[in-house]
Amino acid sequence: MALIDSFRRAADSDIWHSFRASPMTMAAAAVTLFIVLAAFLAPLIALQNPFDPANLNLSDAMRPPMFFGGEWSFPMGSDDQGRDLYSAILYGTRLSLEVGLAVVFFSMILGIGLGLVAGYVGGTLDAIIMRIADVQLTFPAILIALLIDGVVRGVISVKRHEEIAVFVIVASISLAFWVQYARTVRGSVMVERNKEYVQAARVIGLPRWLIMFRHVLPNVMGPVLVIATINLGLAIITEATLSFLGVGLPSTQPSLGTLIRIGNEYLNSGEWWITIFPGLTLAALVLAVNLLGDWLRDALNPKLR
Amino acid sequence: MAKISRWGLASAAAFALAGALAIAPVSQASAKTFKWANAGDVSSMDPYYRNETFLLAFLENIYEPLVRRDQKLGLEAALAVKWGQSSPTVWFFDLRQGVKFHDGTPFTADDVVFSLNRANSGGSNMKAYFASVKEIRKAGDFRVEVETKYPDPLLASKWAAILIMSKAWAEKNNAQVASDATKNEENFATRNAMGTGAFVLRERKAGEKTILVKNPNWWDKPTHNLTEVIFTPVANAATRVAALKAGDIDMMYEVPPQDTDNLKRDANINVIEGPETRVVYLGFDQERDELLESNIKGKNPFKDKRVREAFYRSIDVEAIKRTVMRGQSFPTALMVAPGINGYVKELDKRPTLLKPEEAKKLLADAGYPQGFEVGFDCPNDRYVNDEKICQAVVGMLARIGIKVNLLAQTRSKYFTKILRKSDFKPGETSFYMLGWSPAATYDVHNVFEALIQTPSAASKKGQFNVSGYSNKAVDELADKMEAETDVAKRNAMILEATKLYTQDYAYIPLHQQAVVWAARKNVSLHQPADNRFPLRFVTLK
């Protein structure tokens, strides 16, 4: 019963109405859903596992896509190692989404935590955290990610790096992205902490951390969710950029960015499909996620209603 | 109307400006700047840093050997005008008089003795060329004599690879000892150069660009018409091709096979191609009792010939030729190319490919029914499509149950990792790719001496035998062929030794790559089969 009730409430809410009123948003949601589902079901719908070198046959290399002289067994053509591009894109999208979601998750936790503390505790601690954030804001995120990745590469051997490449890239992008969350949360917390409900909680003697997380946090989550949605697109793009530059995911487990990098070498020689298809997938995914983020921002903003 | 005429005026002004800019460089009389690019940089400006064709070929423009190669790869006089054997074990070199180094100091026998000794000591990577040498001595201001331990008829051609430096300059700048590449050492000579060659090093920014200018006081009559040469490493093949098409560079060295057709269609560009004397091959560590990078502990699978055979016969070089190399390679079963003295045509037949289950059976017989895991070292900017070949090998071996962990890196890091140390201790690799061209002597003995004989610091043989392959019978034959002057007897020895190493599956020869260069139409140059690029044969229209 409770479930149906909450469905009813959701269907009756402003957000749902504004969603239904915007065909663009619905299209974006459909595209996102389609790509996420395809990536999620990759092991079931892919023609081969592109991460297993035993599946690759060099004599299948550089097959053109269907309708361009290719065959059904390689619907989007194959790359220089005989990897089926359709399968590689499915698995690559999966990797890109995983990295994107993990980055959003970790940078959100880090940003919310630091922002809450800075805003609620204030004083010296606030100053220290915010100065670090200011310094970090003066660098582009990609530069910070490059820096962290470079340091890690210098410290550990290349072989170990390949094994933990995904974690390194998640960590380096997360560390570059926390600032936005922290600043937003801090701002909202500074407004919230002077409100009566917080004072009431203080009066009855609740501990600081409980007030912060149980009472203040839920009231600052709106803007955080908007940033998270928009940052998902940004995180995916950043990962693709790093992989394109050759410092992201290795070619043994290609993400969309890695696939575009591999294909880039063959653009001049007429094998356009290796780079075009992953490129289109990346563009569609990021565009759809960003449109959703924009809509969510507008929908949650009472001034725009 | 007013609007249109204003635009017209603006564009006319823009054209005038562009015209003025275009005219400006032309007015600088006959300044001929030649710009060229390659995937990787020259590792060092020190000519003994690494026995690598690209490094030596680049430095040959600044430094010169005693005896150099002409356009047909024959020997011709450079810093020595006359050379020969005064007795079976004594070589003499009569030096050219009146030659000056770039800083104006005169060239004498002291510089030659100093350079030869420097190349044979310290961190030098050229020691293999001194295996027969007993003593190098000055016999007059313009004469050097070399005493050998045994008759060595090939000494002069071996030393075509040894470039002569200024003694005074090296001493002044504390660069008397060659820096050790295996320890990442540097000294003054790593970034500076002082030779007698046709070009002077003006600016060196490692990894960025290297600028050479014409040596106005060169002893030889210049056949080139260049005043300045700018070399830039450009790692990305597509960027290199785009730069050439746009005219940002005049020449690109080693065109990737996937781009040759595209470049051939460009009316402003010449594609120059020919077979190369280099053999690209794979080797395995057969020296250590336990591999450095493997899950097999306590023994070394590569010591078992069946494992080597399973690897060898699972690698489909024809498929690599067809796809990765796009037809621009010549698969081979030997460690030397046709055109090198001592190439045995009747043995240049690769054994048939094994089906995966046959190869798995060989591995099972050797005690590895589940296969095993091994690290694999590859350069990514040294040979044509090197990393892609290695990736293809990973796939081919995965099918027989071998999990290969590929580590492809830039040439300087890669060479430092895999090559033998200056004391001939083995490098850090288990399975690797390398290419070799006997570019100094054009004789198969160089290949035996450098790649196949048992490595030993005492005999200076096997310096590039990274795998540590060792077969006494081959060692003896190689030593004998070095001094043998009877052609028929020598050929019999070569045949015998070639049979031995191919039957042992000592290495996995893959192919000779085609040398493909591309240049703008206004450039005329000469392409030798050893893939050296002598600037002294370049003219710009």
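Residues numbered from 1 in each chain as written. Chains lettered and ligands numbered in written order. Predicted model: local features only at pLDDT ≥ 70, side-chain atom pairs only at ≥ 80, totals over all residues. Heavy atoms only, no water.

Asks: Lay out the interface of chain B and chain A in plain terms, naming residues and giving numbers.
Replies: Taken residue by residue, the interface counts 25 residues in chain B and 20 residues in chain A. Approximately 1800 Å² of surface area, both sides summed, lies buried where chain B meets chain A, with 51% of it carried by carbon and sulfur atoms. Summed over the three residues of chain B that lose the most area to chain A, namely Arg326(B), Lys388(B) and Arg399(B), the buried surface amounts to 25% of that side. The interface formed by chain B and chain A includes two salt bridges. The tally of links between chain B and chain A comes to six residue pairs in polar contact (both at pLDDT 80 or more). For the side of chain B that touches chain A, the secondary structure elements donating two or more residues are helix 7 (237-246), helix 8 (257-264), helix 10 (317-322), helix 12 (386-398) and strand 18 (403-409) of chain B. At seven residues, the largest contribution of residues to the side of chain B that touches chain A is made by helix 12 of chain B. Tallied by class, the residues present in the side of chain B that touches chain A amount to twelve nonpolar, eight polar and five charged. (Contact = heavy atoms within 4.5 Å. Buried area = accessible area lost by both parts, 1.4 Å probe. Salt bridge = Lys/Arg side-chain N within 4 Å of Asp/Glu carboxyl O. Polar contact = N/O pair within 3.5 Å; in protein donor to acceptor, adjacent residues only side chain to side chain. Helix = DSSP H or I, 4+ residues; strand = E, 2+ residues; numbered from the N terminus. Nonpolar A, V, L, I, M, F, W, Y, C, P; charged D, E, K, R; others polar.)

Asks: Please give an account of the packing of aromatic side chains that cites residues and values.
Replies: Throughout the structure, instances matching the rule amount to 39 aromatic pairs over all chains. Considering the side-chain rings of Phe68(A) and Trp272(A), the 4.9 Å spacing of their centres and the 75 degrees angle between planes classify their relative orientation as edge-to-face. Of this pair, Phe68(A) sits in the loop between helix 4 (42-45) and helix 5 (85-121) while Trp272(A) sits in the loop between helix 12 (256-264) and helix 13 (273-300); the two residues are 204 residues apart in sequence, bridging distant segments of the chain. Since its relative accessible area comes to 52%, Phe68(A) is described here as exposed. A centroid spacing of 6.1 Å and a plane angle of 70 degrees characterise the contact between Phe302(B) and Phe372(B), whose relative ring orientation is edge-to-face. Remark: Phe372(B) occurs in the loop between helix 11 (356-365) and strand 17 (373-379) and Phe302(B) occurs in the loop between strand 15 (279-284) and helix 9 (305-312); sequence separation between them is 70 residues. This pair shows no difference in class: Phe302(B) is buried, exactly as Phe372(B) is. Each residue in the set Phe34(B), Trp36(B), Phe54(B), Phe58(B), Phe231(B), Tyr253(B), Trp517(B) and Phe533(B) is aromatic and connected to the rest through ring pairs, giving one cluster. (Phe/Tyr/Trp six-rings, centres within 6.5 Å; stacked < 30°, edge-to-face > 60°. Buried < 20%, exposed > 50% of the residue type's maximum accessible area, 1.4 Å probe, protein only.)

Asks: Can you tell me about the pattern of salt bridges, naming the residues and giving the values?
Replies: Summed over the entire model, instances satisfying the criterion amount to 51 salt bridges over all chains. The partner of Arg297(A) in a salt bridge is Asp294(A), and the shortest N-O contact between them spans 3.8 Å. Taken together, the positions of Arg297(A) and Asp294(A), both in helix 13 and three residues apart, correspond to about one turn of that helix. On the accessibility criterion, Asp294(A) (32% relative accessible area) is partly exposed. Note that Asp377(B) is salt-bridged to Lys417(B), the shortest N-O span being 2.8 Å. Of the two residues, Asp377(B) sits in strand 17 while Lys417(B) sits in helix 13 (residues 411-418), which places them 40 residues apart along the sequence. Of the residues examined, Asp377(B) reaches a relative accessible area of 0% and is grouped as buried. Take Lys417(B): its relative accessible area is 17%, and that puts it in the buried class. Each of Asp94(B), Lys134(B), Glu135(B), Arg137(B), Arg143(B), Glu145(B) and Glu147(B) takes part in one network of salt bridges that share partners.

From the geometry alone we can't say anything about function, so treat these as descriptive.
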